[in-house]
Amino acid sequence: MSTTFRDAVFAGTIQQSLFHLRYKLLDAIHQARRSPDQARAVAAIRAMDAPLVAFTVAFNVPPAIELLSDAMARFMPDVPLVVCDNSDDPTAPPRIRAFCEAAGRVYLRLPRAPLVKKFSSRSHATALNWVLRNIIRPAGVRRFATLDHDLVPLGPANLLSHLEDQPCYGYVQRHGRSRAWYLWPGYALFDLDRIPVSKINFGTDRLLGLDTGGRMWTTLYQHMDEATFRAAPIRSGVVPGHEGEKVHHVFDDWFHIGQVSYRDANQNAVGVMRACFDADPDRLMEKTRP
């Protein structure tokens, strides 16, 4: 079968280059946009002078942010949590902001990214790239974690220890038909003293079949020794007593409820986890074992 001009342009390395150029231009437009909370957030993070700062992208589910924050406050009170609000539901940001102000968390409303579908991987990717360029770098943060908004720590954790002997850490995802791998930015840690900022890009790589964070395969991960890389262990967990009980992922001792922005059933799971945490937080790890 002969190859048409269109096939040649929109296939292989040419297509890949065009996609990446398009995303690079869109990201540049987005990163030039400002948040009304930006200067205050940068100043607050600088004043903390914390050895590691955690960032989460909120999306429409205030109870998830409240549970993540409260559980971190109990189990790792020395780790600041910065809530970057990417919600498109107008009722969510006022509640998330009010909670953060009451809980002493840094909050900022993210500017809308151009030409990004609200439920796409690009939405999360562009949000993280904006935060990296406009908050993390200006605030002088050297080590940081990116946490999904529906993670729940089940007990004390020393995040900084994961970066003692390697420049990054987290849950590894792979492409089924290639050797490409990347860290899922819902549970990932990075050390900017050992990784140039220019190598960090939370974008997707569609042609390699890699989701959010997959763009770093070409800039970072493929240049690392995978044989010696220590990834986060993963096991199964359940939301205790939740109807329609399903198996969830647990990274180290972080429980991932999963897709709470898209499925009402999983929003209900947040409420069940909240009740379990409020009743007996120190037995949460035991209760979530299948």
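One can find the structure itself at the top, above this paragraph.
Here's what I pulled together on the structure shown here. This structure is a prediction, so every number in the text was calculated from the model and none was measured.

**What to know about unusual backbone geometry**
- In this model, aspartate 49 sits at a positive phi of 50°, which is unusual for a non-glycine residue.
- Checked against the element boundaries, aspartate 49 lands in the loop between α3 (38-48) and β1 (53-58).
- In this structure, aspartate 252 is a non-glycine residue whose phi angle is positive, near 50°.
- Inspection of the secondary structure puts aspartate 252 in the loop between β9 (248-251) and β10 (254-256).

**Some points on the packing of helix α4 (residues 62-75) against helix α5 (residues 92-103)**
- Contact pair α4 / α5: the axes reach a minimum separation of 9 Å and the direction vectors enclose 15°. Relative to α5, the element α4 lies roughly parallel. The two elements α4 and α5 cross, and the hand of that crossing is right-handed. Residues Pro62, Pro63, Ile65, Glu66, Ser69 and Asp70 of α4 pack against Ala92, Arg95, Ile96, Phe99 and Ala103 of α5.
- Tallied by class, residues from the contact of α4 with α5 come to seven nonpolar, one polar and three charged.

**Notes on the pattern of salt bridges**
- Enumeration according to the criterion identifies 15 salt bridges in this entry.
- Where aspartate 37 meets arginine 97, a salt bridge forms, and the shortest distance between an N and an O atom there is 3.0 Å. Of this pair, aspartate 37 sits in the loop between α2 (12-31) and α3 while arginine 97 sits in helix α5, and the two are 60 residues apart along the sequence.
- For arginine 97, a relative accessible area of 25% puts it in the partly exposed group.
- Among the ionic contacts, a cluster of salt bridges with common partners joins Arg142, Arg143, Asp191, Asp193 and Arg194.

**Focus: the nonpolar core**
- In this structure, Met72, Leu159, Tyr187, Trp254 and Met273 are the most contacted members of the largest nonpolar core, which totals 46 residues.
- With seven residues, α4 is the largest single contributor of residues to this core.
- With sequence-adjacent residues up to four places away left out, methionine 273 is seen in contact with Leu67, Val152, Leu154, Val239, Pro240, Phe255, Ile257, Leu284 and Thr288.
- Listed in part, the 40 residues of the second largest apolar core include Val131, Val141, Val197 and Leu210.

**Some thoughts on α4**
- Along its 14 residues, α4 runs 20 Å from first to last C-alpha, staying within 8% of the 20 Å computed at 1.5 Å per residue.
- Counting buried positions over the 14 residues of α4 gives 10, a clear majority of the element.
- Every buried residue belonging to α4 is among Pro62, Ala64, Ile65, Glu66, Leu67, Leu68, Ser69, Ala71, Met72 and Phe75, and all of these are buried.

**Details of the pairing of strand β7 (residues 181-191)**
- With 11 of its 11 residues buried, β7 lies for the most part within the structure.
- Bridge count between strand β6 (residues 168-174) and β7: six bridges; the pairing is antiparallel. Residue pairing in the sheet places cysteine 168 in a bridge with phenylalanine 190 of β7.

**Topic: the sheet that holds β7**
- With mixed pairing, the six strands of this open sheet are ordered in space as β3-β2-β1-β4-β7-β6. Single-partner strands in this sheet number two, and they are β3 (106-109) and β6. Ignoring strand direction, the axes of neighbouring strands in this sheet form an average angle of 25°.
- In the packing of α5 onto the sheet, contacts are made with β1, β2 (81-85) and β3, and the angle to β3 comes to roughly 160°.

**Quick word on the side chain of aspartate 252**
- Buried and unpaired, aspartate 252 has arginine 230 as its nearest opposite-charge partner, separated by 6.9 Å.
- Among the polar contacts made by the side chain of aspartate 252, one reaches the side chain of tyrosine 187 at a distance of 2.5 Å.
- Aside from chain neighbours lying at most four places away, what touches aspartate 252 is His162, Tyr169, Tyr187, Ala232, Pro233 and Arg235.

**Observations concerning α5**
- Across its 12 residues, α5 extends 16 Å between first and last C-alpha, which sits within 8% of the 16 Å expected from 1.5 Å per residue.
- Glycine 104 occupies a position one or two residues after α5 and carries a positive phi of about 75°.

**Here's the deal with the sheet that holds strand β8 (residues 234-237)**
- Pairing is antiparallel across the open sheet formed by four strands, whose spatial order is β5-β10-β9-β8. This sheet does not close on itself; its edge strands, each paired only once, are β5 (151-153) and β8. Across the sheet, the mean angle separating the axes of adjacent strands is 30° when strand polarity is ignored.
- As paired elements, β9 and β10 share three bridges and run antiparallel to each other. Residue pairing in the sheet places valine 250 in a bridge with phenylalanine 255 of β10.
- Here α4 sits on the sheet and contacts β5 and β10; the angle it forms with β5, its principal contact strand, is near 20°.

About the criteria used
Residues numbered from 1 in each chain as written. Predicted model: local features only at pLDDT ≥ 70, side-chain atom pairs only at ≥ 80, totals over all residues. Heavy atoms only, no water. Helix = DSSP H or I, 4+ residues; strand = E, 2+ residues; numbered from the N terminus. Axes fitted to C-alpha atoms, helices over the stretch in contact; angles between N-to-C directions. Parallel < 35°, antiparallel > 145°, perpendicular 65-115°, else oblique. Left-handed = near helix turned anticlockwise from the far one by under 90°. Contact = heavy atoms within 4.5 Å. Nonpolar A, V, L, I, M, F, W, Y, C, P; charged D, E, K, R; others polar. Salt bridge = Lys/Arg side-chain N within 4 Å of Asp/Glu carboxyl O. Buried < 20%, exposed > 50% of the residue type's maximum accessible area, 1.4 Å probe, protein only. Core = buried A, V, L, I, M, F, W, Y, C linked by side-chain atoms within 4.5 Å. Expected span 1.5 Å × (residues − 1). Pairing = 2+ DSSP bridges. Lys, Arg positive; Asp, Glu negative; His and termini not counted. Polar contact = N/O pair within 3.5 Å; in protein donor to acceptor, adjacent residues only side chain to side chain.

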